[in-house]
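Residue-level listing of the chains:
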Amino acid sequence: MSGLSREKLLGMYQKMVEIRLFEEKVFELYGQNMVPGTIHLYAGEEAVAVGVCSALRKDDYITSTHRGHGHCIAKGADLNRTMAEILGKKDGYCKGKGGSMHIADFNIGMLGATAVVGAGLPIAVGAGLSAKLRKTDQIAVCFFGEGASNQGTFHESLNMSSAWKLPVIFICENNLYAMGTRQSRIMNVENVADRGTGYGIPGVVADGNDVLSVFRVTDEAVGKARNGEGPSLIECKTYRRRGHSRADPAKYRPKQEVEDWLLRDPIKRFKEHLIQEGTLKEAELLATEKETALRIEDAVKFAMESPYPTPEEALEDVYG
Ligand SMILES: Cc1ncc(C[n+]2csc(CCOP(=O)(O)OP(=O)(O)O)c2C)c(N)n1
């Protein structure tokens, strides 16, 4: 048994389903030419965002990546405004000018997605430093891929946050590929978590397709960070269901590997677990799925009806 309440577990399941259905809808809308730019889908990695964010408070911070919708939704973003932003509409979080890769909502501690690989890590370090200087017990979490762990920003961020014992949690979403490049082609270590040792940071490997396992390790790291014991590095082994971006058919992944990972689908596994443990009945979970699908439809309607920003608005809310 997980020790979590029925309500908490149902909430986690609902969030995972919300992310999956949202991503599938975005995939569809992209095919209808409704999404400006490109899109990087998060489907398959839901257990990471939900496991991590379920261990956080609303006033804790997160920084995200180019694959950010899942993180936003898990941290509590409004589906309507998220969808509107992705469609480039005025009622979106950034008035339609940020899009999928620059979405942010400071009210829920979501400091922003970024198209620059590895750019979210120093921002989380800054947020952690700010919390420490202001003597709040907030923490900052940054999500990034294994590819980003080869960037200088990863190493500098781990070093500085460890030296200054900052309340930062580094969450590596290791989905085995950075675009089409397999991890083993560019890294001579199997676990990104091992890289923490060089900076005096505990590194843990978690099953990134098991939401409860991700929750448990994050919860422990959160306790340490709030207690002034400094940063942690958690590597969640996971897999994306689709290609790197919407346009990528991901032919570079061996068929058997894809099939094996799809069998370990995080939502299916959590659902089976909840039913087997007797925590929730299948009918309750189905009702949640149906209700979530309706809310996604509402979000699409909201986004479709929202106007595009005018050309003049391109000059508003910008610096420099
Ligand atoms: C600094 C920088 N270099 C290269 C790119 C091009 N690029 C976009 S996503 C990506 C792969 C990132 O892989 P990873 O960090 O593992 O995240 P994943 O896409 O697997 O979630 C690359 C190289 C970029 N956006 N920014």
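Bear in mind the structure is a predicted one, so any value in this text is a computation, not a measurement.

Here we take up the pattern of salt bridges. Under the criterion given, the structure shown has 22 salt bridges. Salt-bridge contacts for Arg 226 lead to Asp 60; the nearest nitrogen and oxygen are separated by 2.7 Å. In this pair, Arg 226 is assigned in helix 8 (residues 211–226) and Asp 60 in the loop between helix 2 (46–53) and strand 1 (61–63), connecting sequence segments 166 residues apart. Judged by relative accessible area, which is 0%, Asp 60 ranks as buried. For the salt bridge of Arg 269 with Asp 207, the shortest nitrogen-to-oxygen distance reads 3.0 Å. Taken together, the residues span a long stretch of sequence, with Arg 269 in helix 10 (residues 266–276) and Asp 207 in strand 6 (residues 203–207) at a distance of 62 residues. A relative accessible area of 26% places Arg 269 in the partly exposed class. One salt-bridge network, in which partners are shared between bridges, spans Lys 15, Glu 18, Glu 291 and Arg 295.

Taken together, 15 residues lie around the ligand, and His 66, Arg 67, Ala 115, Gly 147 and Tyr 177 are the ones closest in. For the ligand, a nitrogen atom lies 2.8 Å from a polar atom in the backbone of Ala 115. A distance of 2.9 Å is found between an oxygen atom of the ligand and a backbone nitrogen or oxygen belonging to Tyr 177. Against a free-state accessible area of 590 Å², the protein chains account for coverage of 73% of the ligand. Looking at the shell around the ligand, its residues break down into seven nonpolar, six polar and two charged.

Moving on, we come to the packing of helix 1 (residues 6–31) against helix 11 (residues 282–305). Each pair of packed helices can be summarised by the angle the axes make with each other and by the distance between the axes. Running from amino to carboxyl end, helix 1 crosses helix 11 at an angle of 45°, the nearest separation of the two axes being 9 Å. Taken together, helix 1 and helix 11 sit at an angle that is classed as oblique. Remark: the crossing between helix 1 and helix 11 carries right-handed chirality. Between helix 1, through Arg 6, Leu 10, Tyr 13, Gln 14, Val 17, Glu 18, Leu 21, Phe 22, Lys 25 and Leu 29, and helix 11, the contact on the second element is made entirely by Glu 284, Leu 285, Thr 288, Glu 289, Thr 292, Ala 293, Arg 295, Ile 296, Glu 297, Val 300 and Met 304. Across the contact of helix 1 with helix 11, the residue classes break down as 11 nonpolar, three polar and seven charged.

If you walk across this open sheet you meet the five strands as 1-2-3-7-6, and the pairing is parallel. Either end of the sheet is taken by a strand with one partner, and the two such strands are strand 1 and strand 6. Here the average twist between neighbouring strands, direction ignored, is 20°. Docked against the sheet, helix 5 (residues 120–133) engages strand 1, strand 2 (140–145) and strand 3 (168–174), running at close to 170° with respect to strand 2.

A separate point is unusual backbone geometry. The residue Lys 135 is not glycine, and still its phi comes out positive at about 60°. Looking at the element boundaries, Lys 135 is found in the loop between helix 5 and strand 2. Even without glycine at this site, Met 179 takes up a positive phi of about 55°. Inspection of the secondary structure puts Met 179 in the loop between strand 4 (177–178) and strand 5 (181–182).

Under the definition given, this model contains four aromatic pairs. For the cation-ring pair, Arg 246 lies above Phe 27, with the distance from its terminal atom to the ring centre recorded as 3.7 Å. Above the ring of Trp 261, the side-chain terminus of Arg 264 is found at 4.2 Å from the ring centroid.

This paragraph deals with the pairing of strand 6. In this structure, strand 6 lies alongside strand 7 (residues 232–237), joined through five bridges in parallel fashion. Bridge pairing links Asp 207 to Lys 237 in strand 7. In this view, the connection linking strand 6 to its parallel neighbour strand 7 by way of helix 8 has right-handed handedness.

Procedures and definitions
Residues numbered from 1 in each chain as written. Predicted model: local features only at pLDDT ≥ 70, side-chain atom pairs only at ≥ 80, totals over all residues. Heavy atoms only, no water. Salt bridge = Lys/Arg side-chain N within 4 Å of Asp/Glu carboxyl O. Helix = DSSP H or I, 4+ residues; strand = E, 2+ residues; numbered from the N terminus. Buried < 20%, exposed > 50% of the residue type's maximum accessible area, 1.4 Å probe, protein only. Near = heavy atom within 4 Å. Polar contact = N/O pair within 3.5 Å; in protein donor to acceptor, adjacent residues only side chain to side chain. Areas by Shrake-Rupley, 256 points an atom, 1.4 Å probe, with all protein chains shown as cover. Nonpolar A, V, L, I, M, F, W, Y, C, P; charged D, E, K, R; others polar. Axes fitted to C-alpha atoms, helices over the stretch in contact; angles between N-to-C directions. Parallel < 35°, antiparallel > 145°, perpendicular 65-115°, else oblique. Left-handed = near helix turned anticlockwise from the far one by under 90°. Contact = heavy atoms within 4.5 Å. Pairing = 2+ DSSP bridges. Phe/Tyr/Trp six-rings, centres within 6.5 Å; stacked < 30°, edge-to-face > 60°. Lys NZ or Arg CZ within 6 Å of the ring centre and 35° of its normal. Right-handed = clockwise from strand over helix to strand, strands pointing away.

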